Amino acid sequence: MTDAAAAQFGQYPPARRTILHLSDTHLLGGDVRLGGRFDTAANLRRTLDAVEALGARPDAIVFTGDLTDLGEPEAYRALRASVEPVAARIGAPIVWVAGNHDERPALRAELLGLAASEEPVTAVHDLDGLRLIVLDTTVPGWHHGDLDDAQLTWLQGVLAAPAPLGTILAMHHPPLPSHVPLFDILELRDQPRLARAIAGTDVRAILAGHLHYSTSGTFAGIPVSVSAATCYTMDLARPAEEVNGMDAGQSFHLVHVYDDTITHSVVPVVDAATGDFFSAEWVRTMAALTPAERLEAFSRKPGR
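Calculation notes
- Per chain, the residues get numbers from 1 upward, laid out in the order the sequence is written.
- pLDDT decides what is reported in this predicted model: residues at 70 or higher carry local features, side-chain atom pairs at 80 or more are listed and counted, and totals for whole chains, interfaces and linings draw on all residues regardless.
- Based on all heavy atoms of the structure, the side-chain values leave hydrogens and waters out of the count.
- DSSP-based pairing: two strands are paired if at least 2 bridges between them are found.
- Helix and strand assignments follow DSSP, with helices taken as H or I runs no shorter than four residues and strands as E runs no shorter than two, numbered in order from the N terminus.
- Axis angles are defined between N-to-C directions and span 0 to 180 degrees, where every axis is a line fitted to C-alpha atoms and, for a helix, only to the segment in contact.
- Burial here depends on accessible area, computed with a 1.4 Å probe over protein chains only, as a share of the maximum for the residue type. Under 20% is buried, over 50% is exposed, and the range in between is partly exposed.
- As used here, the arc is the angular range of directions from the helix axis to the C-beta atoms.
- Here the nonpolar core consists of buried residues drawn from Ala, Val, Leu, Ile, Met, Phe, Trp, Tyr and Cys, with membership extended through side-chain atoms lying within 4.5 Å.
- Here a residue-residue contact requires only that any non-hydrogen atoms of the pair lie within 4.5 Å.

**Examining the sheet that holds strand β7 (residues 203-208)**
Strand order in the open sheet formed by six strands is β4-β5-β6-β7-β9-β8, and the pairing between neighbours is mixed. Two strands bound the open sheet, and with one partner strand each, they are β4 (123-127) and β8 (215-219). When the angles between neighbouring strand axes are averaged without regard to direction, this sheet yields 20°. Across four bridges, the pairing between strand β6 (residues 167-170) and β7 is parallel. Residue Leu 169 lies in a different strand from β7, and its bridge partner there is Ile 206.

Encoded structure:
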């Protein structure tokens, strides 16, 4: 992160690692609009502009699936062309996760430079001591999610030895309930098997997508954070059975990994006026004061 963000004014030192968590870009070949209405390419560009505006130097940018809508090779190439220059400018590796709208052969060939096959898209990334494991919850030909015995056995083998800063799992289908009926049909199946595979390990958090709205919960005692989509989001201000997509509310998550906790902050992608009080200069001014002086300058209420 920037130097200003690294200032320590409270009990917690700066985060050990920072991750940008984006999801559900749903790009289409030929810059076609999704459903004839959602400009997913333009919405991705707006999101990436917001990413750069953070001024952050994250340890990774994680995209938790549904990278394309139809799995077209052209769409994966367009995704790379949009994301890679931004990642290069902010100095962050990109972590791609497969979603139910993706097609493994094209994803592997166009994004990972691997042989085009139906092999699960899995990976292990070492973020300087923080282990990030990519799982593939997709089921070829279907939209619901699942993890077969082979992948869970592989996961258990990776988790057999702990990582210095622990482990984060990245997957598409979240192991959480949804109050929106349609997602129950498309949920990750047989979740107890995953719970058994990660029991007693150093897994500290799970990042997911799929729902097109931000939510959080716990699974087997582990925090789960779902990032909303960049393409369109679900309008939750409606009865659950009437929830549909809207071209508004796009956001991504800013994940900060500390020694004893991990925070997941929702970053809205909006154009809105803000106040001009706080700035890097304000932080430098506060940093030059003693803790007692900072409390006096900023915490004390004015006299009444």
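**Observations concerning helix α6 (residues 191-198)**
Those residues of α6 lying buried are Gln 191, Arg 193, Leu 194, Ala 197 and Ile 198. Along the long axis of α6, the arc covered by the buried residues comes to 155°, so they all point the same way. At the C-terminal side of α6, Gly 200 shows a positive phi close to 75°.

**What about the nonpolar core?**
Membership of the largest hydrophobic core comes to 33 residues, with the highest contact counts inside it found for Leu 135, Leu 155, Leu 169, Met 171, Leu 194, Ile 198 and Ile 206. Those elements that provide at least two residues to this core are α4 (149-159), α6, β7 and β9 (222-226). For this core, the element with the most residues is α4, which contributes four residues. Among residues more than four places away in sequence, those in contact with Ile 198 are Leu 155, Leu 159, Leu 169, Val 203, Ile 206, Phe 219 and Ile 222. By size, the runner-up hydrophobic cluster in this structure holds 29 residues, among which are Leu 20, Phe 63, Val 121 and Val 267.

**Considerations on the environment of Val 283**
In this structure, Val 283 sits in helix α7 (residues 280-287). Residue class for Val 283 comes out buried when judged on its relative accessible area of 16%. With 245 residues separating them in the primary sequence, Val 283 and Phe 38 have C-alpha atoms 40 Å apart.

**Remarks on the pairing of β9**
Among the five residues that make up β9, four are buried, leaving the element largely enclosed by the rest of the structure. As defined by bridge partners, β7 adjoins β9 across three bridges and the pair is classed as parallel. Across the sheet, Ile 206 pairs through a bridge with Val 224, a residue of β9. Between β8 and β9, which follow one another and run antiparallel, lie two residues, and Ala 220 among them has a positive phi close to 50°.

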